Amino acid sequence: MNWKEYISGLDLVDKTTSFVFNSPTTETLLEDLKSQFDLSELPNELEELYKQTNGVQELLDGREIGELVWTIERTIETNKQYRSNLDFKDLYMSFDQLLFVSDAGNGDLFGFITLGGKFDRYDVFVWNHEDDSRTWVAPNLTKFIEWWTNGTINV
């Protein structure tokens, strides 16, 4: 799939929204992401997206409002922070089985479930920062991006 064409062609809630695509990531960064979290693989769609663009910024009326998909660097940084923060360990269930790759802009995070360094499913879940719930939002990255940008997912 050509991710840039796919994302650029989506039917968006706000027609003034546009996207900026970064340069493709390197194999070294992909391997670093896997090794940082002891993952034997990444979801195929996520890896293919990163090979085409290392993250996607979202613009509204030409101003950056967030990231549709984080860069690998931000993915590593944020996941490390959530897994190692001592305050979070007292407040929330473990984050060790999640790989966050995006956020809702309100404190909630989107990610994949990992078990034993593998992804048994490629579903996307949202972690709610207020009640520590983890809720299914999409069957895969493609649908997550479509549903998030067209308003089907509303958190």
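1. Thoughts on unusual backbone geometry
So, step 1. With a phi angle near 55°, D61 is a residue other than glycine that sits in the positive phi range.
So, step 2. With relative accessibility at 55%, the residue D61 sits in the exposed group.
So, step 3. We note that D132 has phi near 65°; this positive angle belongs to a residue other than glycine.

2. Observations concerning the pairing of strand β2 (residues 56-60)
So, step 1. Here β2 lies mainly inside the structure; four of its five residues are buried.
So, step 2. Here five bridges tie strand β1 (residues 17-21) to β2, and the two strands are oriented antiparallel to one another. Each bridged residue has a counterpart across the sheet, and for F19 the counterpart in β2 is E58.
So, step 3. Connecting the antiparallel pair β2 and strand β3 (residues 63-69) is a turn made up of two residues, with D61 showing a positive phi of about 55°.

3. Digging into the packing of aromatic side chains
So, step 1. Per the counting criterion, the structure on display carries 16 aromatic pairs.
So, step 2. Ring geometry for F112 and F119: centres 6.1 Å apart, planes at 85°, overall edge-to-face. Just as F112 is buried, F119 falls in that class too.
So, step 3. Grouping aromatic residues by their ring pairs yields a cluster made of Y82, F88, Y92, F95, F100 and W127.

The rules behind each value
- For every chain, the first residue of its written sequence is number 1, and the numbers climb from 1 along that sequence.
- Predicted model: local features are reported for residues with pLDDT of at least 70 only, side-chain atom pairs are reported and counted for 80 or more only, and whole-chain, interface and lining totals are derived from all residues.
- Note that water and hydrogens are dropped before the side-chain values are worked out from all heavy atoms of the structure.
- Only protein chains enter the accessibility calculation, which uses a 1.4 Å probe. A residue is then buried if its area is under 20% of the maximum for its type, exposed if over 50%, and partly exposed in between.
- Secondary structure elements follow DSSP: runs of H or I of four or more residues count as helices, runs of E of two or more count as strands, with numbering from the N terminus.
- Here, strands pair whenever DSSP counts at least two bridges between them.
- Each aromatic pair joins two rings of Phe, Tyr and Trp (for Trp, the six-membered one) with centres within 6.5 Å, and gets the label stacked for planes under 30 degrees apart, edge-to-face for over 60, and tilted for any other angle.

Read these as layout, nothing more, since geometry by itself doesn't imply function.
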